[in-house]
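Commentary on secondary and tertiary structure
Listed here are the chains, written in short residue letters.
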Amino acid sequence: MAVNKVIYDGQTLMDLTMDTVTADKVLSTYTFHDKSGAAVTGSCTFDADTKDADAAEAEILATKTAYVNGQKVTGSMANNGAVTGEITTKDGEYTVPVGFHDGAGKVSIAAAEKAKLIAENIKEGIDILGITGTFTGIPDKTQTKTVKPTTSEQQITPDEGFDYLASVTVQAIPYATAENPQGGQTVTIG
């Protein structure tokens, strides 16, 4: 018979009779004595109180399980692993997909665009992404234009793909005269 209460010289040294602990409340493999004094091994497999946990399924990796607020949940977060992307334009952006990333992914400037970033293509003294330009020449894509005068001011600039205008020809203002039925002349300008 197990001992559950010890009194020595009128003083209670140990009293298990009022204990309320049960095997399901003690972690498995740990031993204790119940209120009868018998040795008991715990059977509880829980190792944490999850009542204050606030993770959502979308915040836990897909197919993985966890306990939240005492309930087992299965994650739904996508496992994107090593995601890679390229920037191909000056204003290009890469949208990082929602989900888990293993840290091995990279986003970089596209190789075709990187190849254009050489010092000889950049004006001397201008720094673009760590490359300082050395170009000192005159741009070589010239354009000539012919424009018709109007009654409004015009700004004449090179078209896209040209560096500058070599010349601009302004056409003569059209001027014509013609006899009219009233016996005079009509002058048409423009």
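Everything in this summary refers to the structure shown in the same document. (Residues numbered from 1 in each chain as written. Predicted model: local features only at pLDDT ≥ 70, side-chain atom pairs only at ≥ 80, totals over all residues. Heavy atoms only, no water.)

**What to know about the overall build of the protein**
- Within the protein, the secondary structure is distributed over 1 helix and 14 strands.
- The C-alpha radius of gyration of the protein comes to 43 Å, more than 25% above the 16 Å expected for a compact globule of 190 residues.
- Overall, the C-alpha framework of the protein stretches about 145 × 55 × 35 Å when taken along its three principal axes.
- Across the 190 residues that make up the protein, the buried fraction comes to 13%.
- Intrachain contacts of the protein at a sequence separation of at least 6 include 9% that bridge at least 24 residues.
- With the model as given, the accessible surface of the protein reaches about 15000 Å², and the carbon-plus-sulfur share is 53%.
- Of note, the protein has its 14 positive side-chain charges centred 3 Å away from the centre of its 25 negative side-chain charges. (Helix = DSSP H or I, 4+ residues; strand = E, 2+ residues; numbered from the N terminus. Rg over C-alpha atoms; globule rule 2.2 N^0.38 Å. Buried < 20%, exposed > 50% of the residue type's maximum accessible area, 1.4 Å probe, protein only. Contact = heavy atoms within 4.5 Å. Areas by Shrake-Rupley, 256 points an atom, 1.4 Å probe, with all protein chains shown as cover. Lys, Arg positive; Asp, Glu negative; His and termini not counted. Charge placed at Lys NZ, Arg CZ, Asp CG, Glu CD.)

**Quick word on the environment of T12**
- Secondary-structure assignment places T12 in strand β2 (residues 11-15).
- Those residues in contact with T12 that lie beyond four places of it in its chain are V6 and I7.

**Some thoughts on the pairing of strand β1 (residues 5-8)**
- The pairing of β1 with β2 spans 4 bridges and is classified as antiparallel. When the bridges of β2 are listed, I7 appears paired with T12.
- The antiparallel pairing of β1 with β2 creates a hairpin that spans 2 residues between the two strands, and D9 there sits at a positive phi of about 50°. (Pairing = 2+ DSSP bridges.)

**Some points on the pattern of salt bridges**
- In total, this model carries 4 salt bridges according to the counting rule given.
- The shortest N-O distance in the salt bridge between K25 and D24 comes to 3.6 Å.
- When its relative accessible area of 63% is taken as the criterion, K25 is described as exposed.
- On the basis of relative accessible area, D24 is assigned to the partly exposed category, the value being 44%.
- For E113, the salt bridge identified is with K116, shortest N-O distance 3.2 Å.
- The class of K116 is partly exposed, set by a relative accessible area of 48%. (Salt bridge = Lys/Arg side-chain N within 4 Å of Asp/Glu carboxyl O.)

**Section: unusual backbone geometry**
- Look at T29: it is not a glycine, yet its phi comes out positive at around 80°.
- Here T29 is to be found in the loop between β2 and β3 (31-33).
- Look at T29 and you get exposed, because its relative accessible area is 69%.
- At N69, a position not held by glycine, the phi torsion is positive, near 50°.
- Relative to the helices and strands, N69 is located in the loop between β5 (65-68) and β6 (71-74).

**What about the layout of surface pockets?**
- Space inside the largest pocket adds up to approximately 300 Å³.
- Together, I87, T88, T89, K90, I109, E113, K116, L117, N121, I122, I128 and L129 line the largest pocket.
- Its residues assigned to classes, the lining of the largest pocket comprises 6 nonpolar, 3 polar and 3 charged.
- Here the second largest pocket is characterised by a volume of approximately 220 Å³. (1 Å grid on protein atoms, 1.4 Å probe; cavity = no way out; pocket = protein on both sides within 12 Å on 5 of 7 lines; lining within 4 Å. Points joined across faces, edges and corners; volume = space filled by probe spheres on them. Nonpolar A, V, L, I, M, F, W, Y, C, P; charged D, E, K, R; others polar.)

**Section: the environment of F32**
- Note that F32 resides in strand β3.
- Under the relative-accessibility criterion, F32 is labelled buried at 14%.
- In this structure, the C-alpha to C-alpha distance between F32 and G42, residues 10 residues apart in sequence, is 7.6 Å.
- The contact partners of F32, leaving out residues within four places of it in the chain, are V21, T22, A23, V26, A38, A39, V40, T41 and G42.

**Some remarks on a nonpolar patch on the surface**
- A cluster of nonpolar side chains, namely V3, V6, Y8, L13 and M14, defines an oily patch on the protein surface of about 480 Å² accessible area.
- Elements that contribute at least two residues to the nonpolar patch include exactly β1 and β2.
- Within the secondary structure, L13 is located in strand β2. (Patch = residues over 30% accessible without salt bridge, like charges linked within 9 Å, V, L, I, M, F, W, Y side chains within 5 Å.)

**Notes on the environment of T84**
- Inspection of the secondary structure puts T84 in strand β7 (residues 84-87).
- When its relative accessible area of 57% is taken as the criterion, T84 is described as exposed.
- Each C-alpha atom, one on T84 and one on S108, is 8.2 Å from the other, the two residues being 24 residues apart in sequence.

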